[in-house]
Structure formats: C-alpha cells, structure tokens
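Structure at a glance
Spelled out from the first residue to the last, the chains are:
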Amino acid sequence: MRIDAHQHFWRYDAVDYPWIAESMTRLQQDYLPDDLAPLLAQRQLQGSIAVQARQCVAETQQLLQWAQQHAATQVVGWIDVSAADLTAQLEALQHPLLRGFRHQVQDERDPAAWLRQARVASGIRLLQQRDYVWEMLLTWRHLADATRFATQHDRHWLVLDHLGKPDIARGAQAWGEQVAELAAMPHVVCKLSGLVTEAPQGQWHSAQLRPFIDEALARFGPQRLMFGSDWPVCLLAAEYHAVAQLIEDAIAELATDEQAAIWGNTAAQVYSLTGEKHESVFAG
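Overview of the structure. Numbering of residues starts from 1 in every chain and runs along the sequence as written. Local features in this predicted model are restricted to residues whose pLDDT is 70 or higher, and side-chain atom pairs enter the listing and the counts only when it is 80 or higher, whereas totals over whole chains, interfaces and linings include all residues. With hydrogens and water excluded, all non-hydrogen atoms of the structure serve as input to the side-chain values.

1. Describing the overall build of the protein chain
Strands are runs of DSSP state E lasting at least two residues, helices are runs of H or I lasting at least four, and both sets are numbered from the N terminus onward. Broken down by element type, the protein chain carries 11 helices and eight strands. Throughout, the radius of gyration refers to the C-alpha atoms, and the reference size of a globule is 2.2 Å times the residue count to the power 0.38. Computed over the C-alpha atoms, the radius of gyration of the protein chain is 17 Å, within 12% of the 19 Å expected from 2.2 N^0.38 for a compact globule of 284 residues. Each principal axis of the C-alpha distribution contributes one length, and for the protein chain these read about 50 × 40 × 40 Å. Counting the 284 residues in the protein chain, one finds 55% classified as buried. Look at the contacts in the protein chain between residues 6 or more apart in sequence, and 77% of them connect residues 24 or more apart. Areas reported as accessible are Shrake-Rupley estimates using a 1.4 Å probe. Residue values count occlusion only from the protein chains shown. Carbon and sulfur atoms form 46% of the exposed surface of the protein chain, whose accessible area is close to 12,300 Å². Counted as positive: Lys and Arg. Counted as negative: Asp and Glu, with His and the chain ends omitted from the count. A charged residue contributes its charge at one atom only: NZ of Lys, CZ of Arg, CG of Asp or CD of Glu. Charged side chains of the protein chain number 22 positive and 34 negative; the gap between the two group centres comes to 4 Å. Between buried and exposed lies partly exposed: a residue is buried under 20% and exposed over 50% of the maximum accessible area for its type, with that area taken using a 1.4 Å probe on protein chains only. The contact criterion used throughout is that any non-hydrogen atoms of two residues lie within 4.5 Å.

Here it is, written out as structure tokens:
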C-alpha cells in the first residue's frame, strides 16, 4: 500500500485561510481531490490522508464529504479538544473515514502552555480511548514540550508533522538531539513532510535536506516514518514530483520492506487502513 500521508484540500477564501500570506500567490486558489488524483497516480500512490488547514468543524465536515466521493482519501480533521462537550462533538462527527485530529499548536500564543492545559489533556485521553490519531503541528522550539506531552498520552498513536519543523540553518545533528527523547517513544510516528518549505526563503537543495532525512531514519527508524507531500503547501518551494523524488532518493538504499513502510505501510497501520493494531505499543 502506497499512501501520501499528508496533504490538504481547500476552496480558497482569504478570510478562511489567514495563514496564507499575500506573498503566497501559488496557494490562493482552489485545491481539490481531482487536482491531486493525477499527482498520486504519477507516483503510484493509491491513497492519501487529507489533513485540516482550518481550525473549524465545518472544514472537517467538508473534507469528509470530499473523502466520501474519493474512496482512497481518509481525513485528519479538527475539533476543539478542550471543549466541555467534546463527547457530543465526536458523536456528531463520527464517520468511517475520520482517522484523527490536529490542532495548529504552533499558532497558539504560548504553545507550551496550551499543551499543558488540563482540558487539553482530558480531551486527548478521550480521543485516544476512541482510537483517534492525534497529530502535532509545532516547530523545533517546542519539541521538548511535545516530549512531555507524549509521555502523558501513550494510549494511541501520536504523529509529529513535518519533523517538528526543524531549524534548517542549525543542521540535522542539532535537530536530532532535540527530537531524540520524543523519537524514542514507540507510540510516536514522524512524517517525512514539509522540509522543502522550512528551507530559508524556500531555496532548498537535496544535499541540504538529506541529512535531516538520514537523522530521522536513525532516530525513528523506517517503521515509524511516513511520506507526506504537504501538497499544495509544498508548491511554495517545489512541485509534487520533486518532493516525492527527494524522499525516494534518500531511502533508495534501504531494504524493500523499509521503503514500503515509509511509502505507505506505516500510514496504513497508524490510520488503521488495514484494520490492524500495533499490540506491542498500546497497553490494554
């Protein structure tokens, strides 16, 4: 199974997507399932995980509608994990293609404080009890906070998006040291995604980014890494093919089963696309 574990869909409206700056003209248009389909086909990818890009339930519902029309798509949406009526919200959103949730922690005024909230902890416990994946969108500045968070929430998968947005200028070894404790936890999985847009001014080259992929392989191992294009956000720095090729070249010397894990088998397991669970990770 070959899966793009991280991409987005939207009908563009400046009000709805304030994070898309005026300079990001490439993103200021609609990006829909029919636009992604040929890109997946070109790389022989059979499916994808559509991830939230707005912090509202309405977008989650829209993503689920699109996913229902394109059977190979699953959804990681958004929900107010700190809400008092979280149980009722989950019941209302229940859908066979809804695999998990994400919050844009990096955009909080104080990401560390947000991660420490008792209401957030209670919400995450409920999500994990219901076998929902929780994805962490934050930067290298808060990897230590993410590590503390992960020690408290080990009943189901946690996913680190975009390698925790490393500081490219500081180099891969510094990032490896920052992520080491988090990567050592068997319930934490990392997406090989978003690197091209972390390069300063989006000016990247393979030799600059390959060490981060190598470091991720050393820290997480192939079985806890997933390919994600971050399309269409990646288009700010690279076309879909170039993003996929960067990963393909970086893992070309791995064993066949290790490559297969990164290209889709890990995603299939984490998002329960095969109905399997990792019994050695989760107690009870």
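Now that the structure is up, let's keep going.
2. Focus: the layout of surface pockets
A water-sized probe rolled over the atoms picks out the places where empty space is left. Computed from the structure, the largest pocket encloses a volume of approximately 440 Å³. With a 1 Å grid laid over protein atoms only, a set of points is called a cavity when a 1.4 Å probe fits there but cannot get out and a pocket when it is open yet has protein on both sides within 12 Å along at least five of seven lines; lining residues have an atom within 4 Å of a point. What lines the largest pocket is a set of 22 residues, and nearest its centre among them are Trp 19, Lys 165, Thr 197, Asp 230 and Val 233. Residues are sorted three ways: Asp, Glu, Lys and Arg are charged, Ala, Val, Leu, Ile, Met, Phe, Trp, Tyr, Cys and Pro are nonpolar, and all the rest, Gly among them, are polar. Residues belonging to the lining of the largest pocket are distributed by class as follows: nine nonpolar, eight polar and five charged. Grid points are joined across faces, edges and corners, and a volume is the space filled by probe spheres set on the points.

3. Notes on unusual backbone geometry
Excluding glycine, residues mostly have negative phi values, and the peptide bonds linking residues are mostly trans. Note that the residue after Trp 231, namely Pro 232, is joined by a cis bond; omega there is 0°. In this structure, Pro 232 sits in the loop between strand 8 (225-227) and helix 10 (240-250). One non-glycine residue, Ser 272, lies in positive phi territory at about 55°. You can see Ser 272 is positioned in the segment after helix 11 (256-270). Judged by its relative accessible area of 26%, Ser 272 falls in the partly exposed class.

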